[in-house]
Amino acid sequence: MTKGLHDQVLWNDIRQGSEQAFSELYFRYDDILLSYGYTLIKDRELIKDSIQELFLDIWKRRNTSLVPEKVNRYLLKAFRRLLLRRINQDKKKLKEKETTGDITENPEEDHLIAQESENHQHKYLSQMISTLPNRQREIIYLKYYQGFTYEEIALIMGIQHEAAWNLLSRAIGKLREQAIDVKHILCLFLSFLWFFF
Amino acid sequence: MIPEKYKDYLAPDFASDEDFIRWVLNNQPVDKTFWDKLISEKPEKKKEIDQARKLITRSRDILSTPQFSQEEKEQMHQKLADAIHNTKSIKGYIGRAPVWVRWAAVIFILAAGGITFLFIQESQPSFKYETEFGQIHTLTLPDSSLVRLNANSCLTIGSDWNGQQDRHVWLEGEGYFEVKKLPLTRARFFVHTNDLVIQVLGTRFNVNSRNSQTSVVLDEGQIKLAFKGRDEEVIMEDPGDKIDYESTTHRVTQLKVNSKIHNSWKEGIQLFEKISLIKIIEKMEEIYGVRIQVKNTSLLERNLTMGIPVEDLNIALATIESVLGLRIVQLNEHEFMIE
């Protein structure tokens, strides 16, 4: 399908009760929200539930809501707030049960990402990105995949404009730093082999 | 953007520069001109720029991989629709069917899936190009045929372009084709839309396929149309022949138009000659992705002669204002009202 009407026009139709517009908006954003959710937590079910809650909420409040200035920015921001709240709730529950361990890990997904990547470098970068702190991974996503400006990112993440720039610089620095580390280890390993033969 | 600013930039600086990232992600003509020039003037920066580019595009690809399967998509959408209507899901009905019915259903689905799979395998598209609202783009295909793609359109290109086999492209939206003849192999050229297939030997023509309608206007040469859902084929051979096909009703309409005016969008200006306001508004909604309302509905049938620039909505609106002698008010960013 070619692109239909602008998001804001859809939103306006939703306000007037159009279920068709609602479905169209949903299908336009479900994959985006999934990939965004993954930068924050690797828990597919939790992300799916949060997407449902977000859209249900939009539908329930359709009569009273205003048309957002930028629909994509609004959706990502609202989704982020909702997902982070749920992650915190889950963490509390886990604490009550006195369980330990990293709840954000899902080895199956790591395997999947590794499998899908075609070449070595790609695989390698994807591993490095997955080891970044959440917020750094998130800003790489918002900047390199969604193409938001620093100003928009600041609004979505609720931080200052300069902080957004700093955060991205740190993330880039980390990706390069780790790349150099691995090269270093590889060199050591090779010289080690050299020693034996 | 000032070239001097980038004098001391290294890869990480480029990778966090707003203008640089925008160029890598969108490759808009303005940015492209700037960065191409910068690279040619400062060739020593090329390595750093390439590194930063790779980092950005690879990260983008990696972070975009989590996606819903078609099945998951439908399931979630159904769940949402159910929640809205507060009804129970259809699962209950399947549960009640007798065992043999369930097995029959499974076998049927597997068989249907297999057949669909074979069809998809037969001619798999390999490259896709999309234009934004208010943007025209020219593509050169591997056989050096040219396609000018109008705003809000998408062209997918098949994988076999060695000159021996037939060439296939899939179009959604509007495109103007200048197909290169391959006299040695006589490899045919096919344009697929949702509603029909156009077979070409070497010629110029315009295709516009939106919603359930496809219109084809011939400029030069000869083409053959096969409609989905109809057995007959139609050959178009006179310049200015226009065929509209409505796939929901299977209706074929033949018309004569001035192909120069009809296909004028490819030079950047869409001309209209005695076209009703409602048709013009439909076209504008296609091109710019906006909604235009008319207060006085009796105007809708009025025929107008005018031209609008495909890549500039503001001038298009101003033109309509002056042709009608009416004011256009902006309701919000993407909705307008002709008073």
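**Student:** What should I look at first to understand the confidence of the model for chain A in this one?
**Tutor:** Any segment with low pLDDT has predicted coordinates that should not be analysed in fine detail. Residues and elements named next belong to chain A. On average, residues of chain A score 78 in pLDDT, and 74% of them are at 70 or above. Within chain A, the element-level pLDDT minimum falls on helix H5 (residues 107–116), averaging 44, and the maximum on helix H3 (residues 44–60), averaging 92. Confidence over residues 98–118 falls short of pLDDT 50; this stretch has 19 contacts with residues more than four positions distant or in other chains.

**Student:** What am I meant to see in the interface of chain B and chain A here?
**Tutor:** Accessible area lost on assembly of the parts is the figure often given for the size of an interface. Taken residue by residue, the interface counts 40 residues in chain B and 42 residues in chain A. Listing elements by their share of the side of chain B that touches chain A, those giving two or more residues are helix H1 (11–15), helix H2 (18–26), helix H4 (46–63), helix H5 (70–85) and strand S5 (167–178) of chain B. Its residues assigned to classes, the side of chain B that touches chain A comprises 16 nonpolar, 13 polar and 11 charged.

**Student:** Could you clarify how one ought to interpret the environment of Glu311(B) in this entry?
**Tutor:** Residues and elements named next belong to chain B. Structurally, Glu311 can be placed in the loop between strand S16 (303–309) and helix H10 (313–324). Sequence separation between Glu311 and Gly268 is 43 residues, and the spatial gap between their C-alpha atoms is 7.1 Å. Each residue touching Glu311, except ones within four places of it in the same chain, is listed here: Gly134, Gln135, Ile136 and Gly268.

**Student:** What is the right way to look at the sheet that holds strand S18 (residues 335–338) of chain B in this model?
**Tutor:** In a beta sheet, neighbouring strands pair by backbone hydrogen bonds and run either parallel or antiparallel. Residues and elements named next belong to chain B. Overall, mixed pairing links the 3 strands, which are arranged S15-S18-S17 in an open sheet. Of all strands in the sheet, those bounded by a partner on one side alone are strand S15 (291–294) and strand S17 (328–332). When strand polarity is set aside, the average angle formed by the axes of neighbouring strands in this sheet is 25°. Strand direction decides the pairing type here: S17 and S18, joined by 4 bridges, are antiparallel. Within S18, the position partnered with Ile328 by the bridge is Ile338.

**Student:** What exactly am I supposed to notice about unusual backbone geometry here?
**Tutor:** Negative phi values dominate among residues other than glycine, just as trans dominates among peptide bonds. Residues and elements named next belong to chain B. Unlike most non-glycine residues, Asn152 shows phi in positive territory, near 55°. Within the secondary structure layout, Asn152 lies in the loop between strand S3 (146–149) and strand S4 (154–158). Judged by the 23 C-beta atoms lying within 10 Å of it, Asn152 is buried. Despite not being glycine, His250 shows a phi value in the positive range, around 60°. Taking the number of C-beta atoms within 10 Å as the measure of exposure, His250 has 12 and is therefore exposed.

Conventions adopted
- Every chain begins its residue count from 1, and numbering advances along the sequence as written.
- The lettering of chains begins at A and the numbering of ligands begins at 1, in the order of writing.
- Selection of residues for local features in this predicted model requires a pLDDT of at least 70, selection of side-chain atom pairs for listing and counting requires 80 or more, and totals for whole chains, interfaces and linings are taken over all residues.
- Confidence of the predictor in every single residue is expressed as pLDDT, which spans 0 to 100.
- Helix and strand labels come from DSSP, where a helix needs a run of H or I of at least four residues and a strand needs a run of E of at least two; each type is numbered from the N terminus.
- A residue pair is marked as a contact if its C-beta atoms, positioned from the backbone, fall within 7 Å.
- We call Asp, Glu, Lys and Arg charged. Ala, Val, Leu, Ile, Met, Phe, Trp, Tyr, Cys and Pro are nonpolar, and the rest, Gly among them, are polar.
- Only when DSSP finds a minimum of two bridges between them are two strands counted as paired.
- What counts as an axis is a line fitted to C-alpha atoms, over the stretch in contact for a helix, and the angles between N-to-C directions run from 0 to 180 degrees.
- Note on burial: count the other C-beta atoms lying within 10 Å of the residue's C-beta; 20 or more is buried, 12 or fewer is exposed, in between is partly exposed, and C-beta positions come from the backbone.

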